[in-house]
Structures are given as structure tokens and as C-alpha cells.
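Breakdown of the fold
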Amino acid sequence: MLFTRYKINRRDYVKYVGISALAGALGMFLGRFKGWRSDNPSPSAIETPTQIQPRKPSRIGESVVSIVRLDSDDEIERVVRKSLDAIGGLGKLVSPGKRVLVKPAVLTSDKYCAPDPRVVAAVVKLAREVGGEVTVAESSGRGSSTAYNLSHVGIKSAAEEAGAEVKSLDDEKPIRVEVPSSVSLREVLVYPTVLNSDVLISVPRLKRHISTTVTISLKNMMGTIPNSEKGRFHTLDLSQSIADLNTVIRPNLSIIDGTSAMVRTGPTGGDMVKSKIIIASEDPVAADRVASWKLQEIEDEVGVSPHHRFDAANIRHILASGELGVGNCNLESIRII
Amino acid sequence: MKIFSGEKIVRRSFIKHLVEGAIIIGCLNFASTAASSSNEPVRPPGSVEEKYFNLLCVRCGICLQVCPTGAISLSGFEYGARAANTPVINPLCGPCEFYRGRCEGEMRCSRRCPTGALRQIGRDEVKLGTVHLNKEYCLAHRGFECMVCAEMCPVPGAITVQERKPVFNKDECVGCGTCLYACPAEPKPLQLTSEGARRIKWFV
């Protein structure tokens, strides 16, 4: 039925073939113009890289890191306040009306992977006391939903109770930022909430990491960039990329949750140890240097097998950040309180 | 073209259409089975055995709609004409988070399946398949600092690290595809197959 009883003569056949050939030629001709193609946006649509000043440390001479022990879980808020007072208090950084961004490290929906919600809530509360407008924002690892992870580990409810706005960065449109040091990266996409914040507070957990040895406040900044960029970092030199990223978005304050630390392996699936410390510093490199040294001590106490041991003095992304001037990585110029 | 022109169907043309349809489907079936490998597709969690799955599944697409991660997609003719339009797990579109994550302990596809092609079973009984690693494309084996698969893997012990390189354990792997989705390498060094998949027996 389909292919019978439809008579076509030679004249019509030649006509149709000619018309289709002309249409094809026109399409190929139009396709030469780049403006017609969707995968090549017109020059006006490409954003110019935003030139932002790298956030240099406030005092290059000496960095102060405070380590405070906590005896029970009930006094987390008091201990966080004590550790912040030891390094000069939040009032020095946050003045009324400033936009404060608290960046917890939430990789997956595993609650041992994320910082304790009470630590995040305490930081939010203290920042609000000095008049800051606090946002808690994060972008989780590729393959897991940030909104789900934040509510599943309990940070969403705890932070909202303390009066912060909780945001998943995944829905935002990232901005292209030029990296001035450009050892490994020339430019990087960063979420606008992070760039528009006045004070950036990094709240990670004290953890081991299988590829960068430790993941504390410097590695935590990987959560301010979109998933495609996280993937790109791994195809470059990861440690150097983290250091480059931290020259652009340097956390003004790092509060490391060491209430329980993850040893042996990480960032998921490691063994949890009740280490009961809170580490705080304005210098993320110094904080990471001291925290990794503490983590090594904790591992020695627990007795991790020598196969999983690491050398705290020789962690590449901390050393690279120190070289780029993000902070002090030399223990001699770090004052520990 | 007279297909839709209100042609009067007599017995002769009815039989003719039937035979035409049978020949076309037969050809498609032959072509698809000849082209595809003998592998079974990777089905959503709690699926019955392959030979009954295609009978029980009515292709309603509810599992596709309720999946929170978009891991389920409809197959074409690549697994034969009998398996056309049935749900398969495509980890490139999303990970199946039945073990940990948005679907943990819920298994929305199995719960909402109207015909019992997907049954609700416990989290620990599910094994969708196995992930295989092609070391040639793996970033860690090429010397980069990459361990994203082991970072994101929800199952303890499925991916272990030896000398800064991932090692996949076939017995522990549940085949959720989280590692495949998270892998930053291009082309993907990981492949999800239905090897060792645990399927439910229909007559039990």
C-alpha cells in the first residue's frame, strides 16, 4: 500500500531532487556562519573574566592558631567562642551588616564526613551576635544532591535554627574569575554567592583524604566551585590547583571541627576517633598545618597501620599554598595558643 | 500516501497489514539481537528475572518519573525487541542512590511499580551489576591525583586504594554507578555491566 499507486514522472523527480539539493546547499552555506550555531555563543554572551584582588593575609609576619580542648559535647558553643576569642574574636572581622558565608564541608550524605551541625550552628550564632548576615552555602561532590545532603546531615535545621540562610550553590550560575598566580589554573568558575560575601568562614572536619592526604580548610574551598571545575582540577595537578584556588577565594577564618576526627582513610569510610579539639585561625594555611600535625598525633595515639601513615610536614597543597603567599606554612612563624 | 486516508479495511488488507507488521518486528528483533551482545541490561533495584521482566513490565514509565536522580532511562532495541522501552539504569545520567542518598531505604521505583516487575526488597539484597575499570583511561593510573570514585563510593570496601590507585572489588560492588557518574575522566574508564546481578525469582 505504502509504496504503490503513487505515480511520479521524470519531470517531477528531477524537480524534487533539485529542490532538495538546493535546500541542502543553503543549509551548508548558512552553517558556515558561527553565529548560527548554538555551541558557539556570540562574543557578547561570553563574560569577561572578573578581576578581583587576591585576599592577602592581614598579618604576614606571624599567624596565630588556637587549639582548645572540649570535655563534653554539650559545651561546643562555649568552646567555639573560647577558641575565637583566643585569636581576637569574630568582632575583628565581622561588623554589623556584613555578609558572612559559612562554608561547611559536606561531600556526601554521610554524617561523619560533614562537620558537626552544632559547630556550624555555634559559628552562625556567634557571627550573628556581632551583626553579620549569615549564609550557609555548599556545593557537594558530583553525583550527590547538595540540598539533600545538607538536610540529611542536620546542618540545614541546625543552621536555620541559629538564624542563617541555608543555600545550595548548585542552582546558581558561576562566574569566571581570573587566577593571578596561575601556576596550574588560568581562570576558574566560582559561584557568585562566594564572591559577593564579605567574610568567608571555612568549617571543615579534621579528616584524612586519599588523594590529598588531608582535607581541611584549604581543600574545603573545592566546594565553592561547580562540579565541572572540580572534575577539571583532578585532570590537572590537584594539589597545585587547590593552592591556586585559595589565592582567589581565601577563607578569612577557619574553624576546624575536631570533635571527632577521621583517620586511616577519607573523606568517606575512615575510622572515627574522639579527638575533642577545636582549631581556629585567620590563616587557613597555618590552621591546616597545625591541624594536620594534630591529626598525625591522633593517628599515632590510635595506632594506625604504618601503611596508612602520613607525613604532616610534607603535604603538597599546604606547602604550595604557603609558597603562593596564602599564609604561613612554617611552624616557626605560627604561634599556637 | 494513503495510510491515514480513511481506507476501507477488508479482510484481505487486514491480513496483509498483520503479516507486514510481523515481518517488520521480526526483522527488528533479528537485527537488534544480532547487533547487541549477549549481556543483560542493568535493571533498577528489585527487578525480577530477565525473561519474566519483559512480560511483567507494561512500559508505563512510572519508575522513570519517580526516580530522584534520573538514573533510569528507557532502553531502545539494543537488548532485543522484547526489551524495547523497558527501564534500564544509565549511570551517565545519574547514580542509582538506593544504597545511600536521596533514595536510601525507599526505592521509589520498586515501590511504585504497578505490575510487580520491580519488587521492594531490602537494601543489602540488591546488586545491580558490577563496575569494571579500564586502566588505560583512569586518571589515577595515568599519574594524576584523582580518587573521586573512592571518595564518592557509598559502599564500604567496594573501592579500596592501593598505592594511590583505585582497586574495584567485584564482590562488594553493588553496581549503583555513583563512581561512574562522578568520574572526571574523559572518556570514562568505568563500565557498568550486569555481571553478577541479583534478580528476584518470579515464581517464589
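So, here is what we can say about the structure in this document.

So, how was this worked out
- Residues numbered from 1 in each chain as written.
- Chains lettered and ligands numbered in written order.
- Predicted model: local features only at pLDDT ≥ 70, side-chain atom pairs only at ≥ 80, totals over all residues.
- Heavy atoms only, no water.
- Helix = DSSP H or I, 4+ residues; strand = E, 2+ residues; numbered from the N terminus.
- Contact = heavy atoms within 4.5 Å.
- Areas by Shrake-Rupley, 256 points an atom, 1.4 Å probe, with all protein chains shown as cover.
- Buried area = accessible area lost by both parts, 1.4 Å probe.
- Salt bridge = Lys/Arg side-chain N within 4 Å of Asp/Glu carboxyl O.
- Polar contact = N/O pair within 3.5 Å; in protein donor to acceptor, adjacent residues only side chain to side chain.
- Buried < 20%, exposed > 50% of the residue type's maximum accessible area, 1.4 Å probe, protein only.
- 1 Å grid on protein atoms, 1.4 Å probe; cavity = no way out; pocket = protein on both sides within 12 Å on 5 of 7 lines; lining within 4 Å.
- Points joined across faces, edges and corners; volume = space filled by probe spheres on them.
- Nonpolar A, V, L, I, M, F, W, Y, C, P; charged D, E, K, R; others polar.

**Concerning the overall build of chain A**
Helix and strand content of chain A: 11 helices and 13 strands. Long-range contacts, defined as pairs at least 24 residues apart, comprise 75% of the intrachain contacts of chain A with a sequence gap of at least 6. When the accessible surface of chain A is split by element, carbon and sulfur atoms take 52% of a total near 15,500 Å².

**So, the interface of chain A and chain B**
Accessible area lost during the coming together of the parts is what is often quoted as the interface size. Residue-level contacts link 28 residues of chain A with 27 residues of chain B. Carbon and sulfur atoms make up 54% of the surface buried where chain A meets chain B, a total of about 2,400 Å² over both sides. Connecting chain A to chain B are 1 salt bridge. With its nearest N and O atoms 3.4 Å apart, the salt bridge here joins E145 of chain B to R316 of chain A. Put simply, chain A and chain B have 10 residue pairs in polar contact (both at pLDDT 80 or more) between them. Of all elements in the fold, only helix 4 (146-152), helix 8 (227-235) and helix 9 (238-248) of chain A reach the threshold of two or more residues within the side of chain A that touches chain B. In terms of residues, the side of chain A that touches chain B owes the most to one element, helix 8 of chain A, which gives 3 residues.

**Considering the environment of H152 of chain A**
Here H152 of chain A lies in helix 4. For H152 of chain A, a relative accessible area of 40% puts it in the partly exposed group. When the C-alpha atoms of H152 of chain A and D116 of chain A are compared, they prove to be 12 Å apart, with 36 residues separating the residues in sequence. Setting aside anything within four residues of it in sequence, one finds H152 of chain A in contact with S109 of chain A together with E104 of chain B.

**Here's the deal with the pattern of salt bridges**
Enumeration over the complete set of coordinates arrives at 27 salt bridges over all chains. Between K167 of chain A and E172 of chain A there is a salt bridge; the shortest N-O distance is 3.7 Å. Among the salt bridges present, the one from E50 of chain B reaches R43 of chain B, with a minimum N-O distance of 2.8 Å. Relative accessible area serves as the criterion here: at 2%, R43 of chain B is assigned to the buried category.

**A look at the layout of surface pockets**
Empty space within the largest pocket amounts to approximately 750 Å³. Contributing to the lining of the largest pocket are 33 residues, with I210, R264, T265 and G266 of chain A together with V161 of chain B lying nearest its centre. Every element with two or more residues in the lining of the largest pocket is listed here: strand 8 (205-209) of chain A together with strand 4 (159-162) of chain B. Considered class by class, the residues forming the lining of the largest pocket number 13 nonpolar, 12 polar and 8 charged. Along the walls of the second largest pocket sit 21 residues, with V42, Y79, I89, Q191 and L192 of chain B positioned nearest its centre. Looking at the lining of the second largest pocket, the elements that each hand over two or more residues are strand 2 (87-89) and strand 6 (190-193) of chain B. Looking at which element gives the most residues to the lining of the second largest pocket, the answer is strand 6 of chain B, with 4 residues. In terms of residue class, the lining of the second largest pocket is built from 10 nonpolar, 8 polar and 3 charged.

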